Amino acid sequence: MTLAARKDFRLSSQIIDPAILYFGTPVVLIGSCNDDDSFNLAPMSSAWWVGQRCMLGLASNSKTTGNILRSGECVLNLPSSDLVGAVDRLARTTGSDPVPQGKLHRGYRFEADKFGVSRLTPQKGDAVAAPRALECPVQIEARLMQAHPMAEEDVVWRGHLVALELSVVRIHVHPSIVMEGQDDRIDPDKWRPLIMSFQQYYGLALGRLQHSVLGEIPEAYYRPPSRRPQPAG
Ligand SMILES: Cc1cc2nc3c(=O)[nH]c(=O)nc-3n(C[C@H](O)[C@H](O)[C@H](O)COP(=O)(O)O)c2cc1C
């Protein structure tokens, strides 16, 4: 749609009050260790990335949140869109027993064997004890750096939400998504993330929309200068 054609929509916008603001973000399957050393695996999508850090927005009463706060680590498994069935089999499950009241109300059930239910394959991380999900094309081992309580000034939400700041320790990827000839780069034409938008699943449309001005910046420039590859000779 051209900008001129959008003008009518701009004039007719309306104010709304949606209960959720899930505008569409990639799904992450967080692998963590329970206090008896068994594995937990939980879908979430309020995650964003900057530098070598990831911020996770989580409910305080999730088993995953407790596990990360206690152990200080997890694995961020990124499912591709073809793993949507595995993700959906984990939906409305929790590793918490008993199920917290709020989750009972929304139809959640306790599930001790999350990997069994999802039919994904666990493998302990190299640097962390938390589990990788081997079918996910990206598996990121990470350590907790900070826990930030959210909405503390809000009497309704106080204590219910937490933002966890994680530092990336090691990244495992399937060779099928690596850029040809450049071992340290993901090829965005090959990586097919699973997107959750307003509780529904989507994939990306095939191909690029247009040329990207941002994409003119070499990826290596995002490394600190001390870690950039030096020109030969
Ligand atoms: C696709 C998807 C995305 C989700 N995104 C989030 C999220 O961003 N944050 C969150 O706290 N819960 C999210 N959930 C709900 C959690 O999966 C749910 O709280 C679950 O019970 C957590 O498991 P646990 O209690 O075993 O840790 C999402 C669920 C699905 C299926």
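A brief report on the enclosed structure follows. Every chain's residues receive numbers from 1 upward, in the order its sequence appears when written. Thresholds applied to this predicted model are a pLDDT of at least 70 for local features of residues and 80 or more for the giving and counting of side-chain atom pairs; totals over whole chains, interfaces and linings are not thresholded and use all residues. Side-chain descriptors were evaluated using all non-hydrogen atoms of the structure, hydrogens and water having been removed beforehand.

Here, a salt bridge means any Lys or Arg side-chain nitrogen found within 4 Å of an Asp or Glu carboxyl oxygen. Scanning all chains against the criterion turns up six salt bridges. A salt bridge links Arg170 to Asp126; the shortest N-O distance between them is 2.9 Å. Taken together, the residues span a long stretch of sequence, with Arg170 in strand S12 (residues 161–173) and Asp126 in the loop between strand S9 (122–124) and strand S10 (131–133) at a distance of 44 residues. Among the residues examined, Asp126 registers a relative accessible area of 44% and is labelled partly exposed. We note a salt bridge from Asp187 to Lys190, for which the minimum N-O separation is 3.9 Å. In this description a helix means any DSSP run of H or I spanning at least four residues, a strand means any run of E spanning at least two, and both kinds are numbered starting from the N terminus. Exposure is judged per residue with a 1.4 Å probe applied to protein chains only, and the accessible area is read against the type maximum: over 50% gives exposed, under 20% gives buried, and values in between give partly exposed.

Most of strand S6 (residues 73–78) is tucked away, with six of its six residues classed as buried. Side chains of S6 alternate between two faces, with Glu73, Val75 and Asn77 and Cys74, Leu76 and Leu78 buried alike. Strand pairing is assigned whenever DSSP detects at least two bridges linking the two strands. Two strands pair when backbone bridges link them, and strand S2 (residues 28–33) and S6 are joined in this way by three bridges, in the antiparallel orientation. Note that in S6 the partner of Ile30 across the bridge is Leu76. Taken together, the six bridges between S6 and strand S11 (residues 138–149) define a ladder with antiparallel strand orientation. When the sheet's bridge partners are listed, Val75 is paired in S11 with Glu141.

With that out of the way, let us pick up the nonpolar core. Nonpolar side chains in soluble globular proteins tend to be buried together. Counting residues in hydrophobic clusters, the biggest one holds 21 residues, and the most contacted among them are Ile30, Leu56, Leu58, Ile68, Leu76 and Leu166. Those elements that place two or more of their residues in this core are S2, strand S5 (53–59), S6, S11 and S12. Beyond its immediate sequence surroundings of up to four residues, Ile68 is in contact with Ile30, Leu56, Leu58, Glu73, Cys74, Leu144, Leu164 and Leu166. What makes a nonpolar core is a set of buried Ala, Val, Leu, Ile, Met, Phe, Trp, Tyr and Cys residues whose side-chain atoms join them at distances within 4.5 Å. Any pair of residues with heavy atoms lying within 4.5 Å of one another is described as a contacting pair.

Another point: the layout of surface pockets. Empty space within the largest pocket amounts to approximately 2,100 Å³. Every residue lining the largest pocket is counted, 44 residues in all, and those nearest its centre are Asp184, Arg185, Ile186, Pro188 and Glu219. When contributions to the lining of the largest pocket are tallied by element, the ones reaching two or more residues are strand S4 (47–50), S11 and S12. Among the elements that line the lining of the largest pocket, the one with the most residues is S12, at three residues. Partitioned by chemical class, the residues of the lining of the largest pocket number 24 nonpolar, eight polar and twelve charged. Counted as a void, the second largest pocket has a volume near 1,700 Å³. In this structure, the second largest pocket is lined by 47 residues; those nearest its centre are Tyr22, Ser46, Ala59, Arg106 and Tyr108. Per-element accounting of the lining of the second largest pocket gives the leading share, five residues, to S5. Class assignment for the residues of the lining of the second largest pocket results in 25 nonpolar, 16 polar and six charged. Think of a 1 Å grid over just the protein atoms. A cavity is a set of points where a 1.4 Å probe fits yet cannot get out, a pocket is an open set with protein on both sides within 12 Å along at least five of seven lines, and lining residues have an atom within 4 Å of a point. Grid points are joined across faces, edges and corners, and a volume is the space filled by probe spheres set on the points. Following the grouping adopted for this structure description, the nonpolar residues are Ala, Val, Leu, Ile, Met, Phe, Trp, Tyr, Cys and Pro, the charged ones are Asp, Glu, Lys and Arg, and the polar ones are all others, Gly among them.

On to unusual backbone geometry, then. Asp97 connects to Pro98 through a cis peptide bond whose omega is 5°. The phi torsion at Arg92 lies on the positive side, around 60°, for a residue other than glycine. With respect to the element layout, Arg92 can be found in the loop between helix H3 (84–90) and strand S7 (93–94).

In spatial order, the strands read S3-S2-S6-S11-S12-S5-S4; together these seven strands make up an open sheet with antiparallel pairing. Each end of this open sheet is capped by a strand with a single partner; those strands are strand S3 (39–44) and S4. Ignoring which end each strand starts from, the neighbouring axes of this sheet average 30° apart. Where S4 lies against S5, four bridges are found, and the strand directions are antiparallel. Note that in S5 the partner of Ala47 across the bridge is Leu56. Docked against the sheet, helix H2 (residues 63–71) engages S2, S3, S5, S6, S11 and S12, running at close to 55° with respect to S2. Helix axes use the C-alpha atoms of the stretch in contact, all axes being lines fitted to C-alpha atoms, and the angles between their N-to-C directions lie in the range 0 to 180 degrees.

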